[in-house]
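Listed below are the residues making up each chain.
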Amino acid sequence: MKATVCRKTHFNAAHRLYNPTWQDAKNEEVFGVCSRPNYHGHNYDLVVKVTGEINPETGYVMDMKNLKTIIENSVLKKFDHYNLNVDVEEFKNQIPTAENIAATIWKILKEKINPDFDLTVVLYETERNFVEFSGE
Ligand code: NI
């Protein structure tokens, strides 16, 4: 019997969408105001979903306290109140779009969570724009 447990959290971060192999004009054409050189911020909402068998002894898929701690230590400490382009190693060579941020968070968490479980990351960049990533 399977269930999905979900943990919702959030972080604030700055970014800039910019492809260094393009001229500024093309960056502006593709990314618009998101490519402005001095960065801008978002209040990201993050939902992490873990699907697996309910353990008959605990009644849990996984202990939500553990999931909370894993997200705090491996994602929030790394992303919250940072400039993603400048401060976060994974975005030195990767444009920090919501798609790439969600995929990066998924890869970080995948290593920390029981491999028998299915993992999905949902990242809201705004209330209306969000991306879901469940692995390659
Ligand atoms: Ni943005």
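Source: prediction; values computed, not measured.

As a further point, take the overall build of the chain. Counting secondary structure elements, the chain contains 4 helices and 5 strands. Put simply, the chain runs from its N terminus to its C terminus through helices and strands in the order β-α-β-α-β-α-α-β-β. Seen through its principal axes, the chain has C-alpha atoms that stretch 60 × 25 × 25 Å. A total of 136 residues make up the chain; the buried ones form 39% of that total. For the chain, long-range pairs separated by at least 24 residues make up 67% of all intrachain contacts whose partners lie at least 6 apart in sequence. Approximately 8,400 Å² of the chain is accessible, and the part contributed by carbon and sulfur atoms is 47%. Separation between the mean location of the 16 positive side-chain charges and that of the 20 negative ones in the chain comes to 3 Å.

Our focus in this paragraph is the environment of Val86. When you line up the elements, Val86 lands in helix α3 (residues 84-87). Classification of Val86 as partly exposed rests on a relative accessible area of 41%. When the C-alpha positions of Val86 and Ile105 are compared, they lie 17 Å apart, and in sequence the two are 19 residues distant. Not counting residues within four places of it along the chain, the set of residues in contact with Val86 comprises Tyr39 and Lys92.

This next bit is on the packing of helix α2 (residues 64-79) against helix α4 (residues 98-110). The N-to-C vectors of α2 and α4 enclose an angle of 140°; their axes lie 10 Å apart at closest approach. One way to sum up the angle between α2 and α4 is to call them oblique. Crossing of α2 over α4 shows right-handed handedness. Along its contact with α2, which presents Ile70, Ile71, Ser74, Val75, Lys78 and Phe79, the element α4 presents Ile101, Thr104, Ile105, Ile108 and Leu109. The class makeup of the residues in the contact of α2 with α4 is 8 nonpolar, 2 polar and 1 charged.

Rules behind the numbers
Residues numbered from 1 in each chain as written. Predicted model: local features only at pLDDT ≥ 70, side-chain atom pairs only at ≥ 80, totals over all residues. Heavy atoms only, no water. Helix = DSSP H or I, 4+ residues; strand = E, 2+ residues; numbered from the N terminus. Buried < 20%, exposed > 50% of the residue type's maximum accessible area, 1.4 Å probe, protein only. Contact = heavy atoms within 4.5 Å. Areas by Shrake-Rupley, 256 points an atom, 1.4 Å probe, with all protein chains shown as cover. Lys, Arg positive; Asp, Glu negative; His and termini not counted. Charge placed at Lys NZ, Arg CZ, Asp CG, Glu CD. Axes fitted to C-alpha atoms, helices over the stretch in contact; angles between N-to-C directions. Parallel < 35°, antiparallel > 145°, perpendicular 65-115°, else oblique. Left-handed = near helix turned anticlockwise from the far one by under 90°. Nonpolar A, V, L, I, M, F, W, Y, C, P; charged D, E, K, R; others polar.

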